[in-house]
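The lines below spell out each chain.
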Amino acid sequence: MKDEMIVNVTASLFEENDRQAAKNRRAFQEMGTVVLNLISSPGSGKTSLLERTIARLKDQVGIGVIEGDPETARDAERIRRQGVPVIQLTTGGGCHLDAPMVDKGLQALTRVAAGKKLDLLFIENVGNLVCPASFDLGETKRVVLLSVPEGSDKPAKYPATFRSADLVLITKTDLVPYFDFKVEEATEFVRILKPDMPVLSLAAEKDEGMDAWIAYLQALLRN
Ligand SMILES: Nc1nc2c(ncn2[C@@H]2O[C@H](COP(=O)(O)OP(=O)(O)OP(=O)(O)O)[C@@H](O)[C@H]2O)c(=O)[nH]1
Ligand SMILES: [Mg+2]
């Protein structure tokens, strides 16, 4: 087949996404907002971490959340109960958020926030350890969570996602006694991919290891 008869739709899809991601990034900078894109398998503890993080920071920092799920507004309801502006994006089965979706979410969130300054915006991506990694949303930092029940070999099996992270959080560490999960082994798998990757361990629901995560966020807010 001649070259001019082939259209690489995947490449153009990513180009389009990257163009919008650059616009999002500029918008976030103009708003003075630090944005974290949270990526993990379903159920790794993203929303639980956000609930506990918001409870710790909301009196000092303006926080907003964009939730992404295939269906339901359950996560947005959980965040709303914490008393911060939140928007739920439903993808109708889609396995990731992309930059145009976040643009729409940001416009809606700005309306919900009603003039309140957002210093920190969390984007909880659709629970999936493959697809979200390919889509830049314009975030400041990408955080990939790995929960203890998933097994310490996941960074080796899903390298693209873990390599794309700025921070890896090992979650549900209270469950280490009950699973064959070794924090050192998981950290080693991550560092094979990216030797200088910061890795923190915590159990949000037990309020363990939260101080280092909060300190990470506060350092981002100071810069
Ligand atoms: N033992 C333990 N369980 C936790 C912890 N954090 C969250 N969980 C539990 O893990 C389950 C999933 O937590 P969520 O916060 O909903 O996970 P999620 O990543 O937001 O899930 P999706 O949005 O569906 O991808 C819930 O039953 C939580 O109670 C923790 O620190 N320790
Ligand atoms: Mg969730």
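Calculation notes
Throughout, residues of each chain are indexed from 1 in the direction in which the sequence is written. Whichever chain is written first is A, and whichever ligand is written first is 1; the rest continue in order. Where local features are concerned, this predicted model is filtered to residues with pLDDT of at least 70; where side-chain atom pairs are given and counted, the filter is 80 or more; whole-chain, interface and lining totals use all residues. As a rule here, side-chain values cover all heavy atoms of the structure and leave hydrogens and water aside. Per the convention used, a helix needs a DSSP run of H or I reaching at least four residues, while a strand needs a run of E reaching at least two, with both numbered from the N terminus. Atoms considered for the radius of gyration are the C-alpha atoms alone. The globule rule reads 2.2 Å times the number of residues to the power 0.38. Each residue is assigned to one of three classes by its accessible area relative to the maximum for its type, calculated with a 1.4 Å probe on protein chains only: buried under 20%, partly exposed between the two thresholds, exposed over 50%. Note on definitions: a residue-residue contact is assigned when non-hydrogen atoms from the two residues lie within 4.5 Å. The method behind every accessible area is Shrake-Rupley, applied with a 1.4 Å probe, and residues are considered shielded solely by the protein chains displayed. Throughout this document, a residue counts as near a molecule or strand when at least one of its heavy atoms sits within 4 Å of that molecule or strand. Polar contacts, as used here, are pairs of N or O atoms within 3.5 Å; protein pairs need one atom able to donate a hydrogen and one able to accept it. Residues neighboring in sequence count only if both atoms are side-chain atoms. Three residue categories are used. Nonpolar comprises Ala, Val, Leu, Ile, Met, Phe, Trp, Tyr, Cys and Pro, charged comprises Asp, Glu, Lys and Arg, and polar comprises the others, including Gly. Water is not part of the atom set, so a site may look incomplete; the donors themselves are N, O and S atoms within 2.8 Å of the metal, or 3.2 Å for Na, K and Ca. Strand pairing requires that DSSP identify at least two bridges connecting the strands. Convention adopted: a line fitted to C-alpha atoms gives each axis, helices being fitted over their contacting stretch, and angles between N-to-C directions are expressed from 0 to 180 degrees.

- You'll find the protein entered in an unreviewed UniProt entry as Hydrogenase accessory protein HypB, with Desulfobulbus oralis given as the organism.

## A look at the overall build of the protein
Right, so step 1: For the protein, the helix and strand inventory stands at eight helices and seven strands.
Right, so step 2: Relative to its length of 223 residues, the protein is compact, with a C-alpha radius of gyration of 18 Å against a globular reference of 17 Å.
Right, so step 3: Taken over the C-alpha atoms alone, the protein extends approximately 60 × 45 × 35 Å along its principal axes.
Right, so step 4: Taken across its 223 residues, the protein has 49% of its residues classed as buried.
Right, so step 5: When contacts within the protein are restricted to residue pairs at least 6 apart in sequence, those whose partners lie at least 24 apart make up 73%.
Right, so step 6: Taken as a whole, the protein presents about 10900 Å² of accessible surface, with 52% of it coming from carbon and sulfur.

## Notes on the site of ligand 1
Right, so step 1: In the vicinity of ligand 1, 18 residues are found, and the nearest of them are K46, T47, S48, R78 and E205.
Right, so step 2: With respect to ligand 1, the backbone of G43 contributes an N or O atom lying 3.0 Å from an oxygen atom.
Right, so step 3: The side chain of S48 places a nitrogen or oxygen atom 2.7 Å from an oxygen atom of ligand 1.
Right, so step 4: Computed on the free molecule, ligand 1 has an accessible area of 650 Å², of which 74% lies beneath the protein chains in the complex.
Right, so step 5: For the shell around ligand 1, the element with the most residues is helix α2 (residues 46–57), which contributes three residues.
Right, so step 6: When grouped by side-chain class, the residues that make up the shell around ligand 1 number four nonpolar, six polar and eight charged.

## Section: the coordination of the magnesium ion (ligand 2)
Right, so step 1: Within the protein, the magnesium ion (ligand 2) binds to T47 (OG1), D75 (OD) and E124 (OE); these donor distances fall in the range 2.1 Å.
Right, so step 2: Between consecutive donor residues of the magnesium ion (ligand 2), the sequence gaps follow T-x27-D-x48-E. Separated by 77 residues along the polypeptide, T47 in helix α2 and E124 in strand β4 (residues 120–124) bring together distant segments of the chain. Taken individually, T47 and E124 each receive the classification buried, so the pair is uniform in this respect.

## Description of the sheet that holds strand β2 (residues 63–69)
Right, so step 1: In spatial order, the strands read β3-β2-β4-β1-β5-β6-β7; together these seven strands make up an open sheet with parallel pairing. A strand with exactly one partner marks an edge of an open sheet, and here the two such strands are β3 (86–90) and β7 (199–201). The average undirected angle you get between the axes of adjacent strands in this sheet is 20 degrees.
Right, so step 2: Note: strand β6 (residues 167–171) against β7, three bridges, orientation parallel. Bridge pairing links L169 to L200 in β7.
Right, so step 3: Of the strands in this sheet, β2, β3 and β4 are in contact with helix α4 (residues 99–113), which crosses β3 at around 150 degrees.

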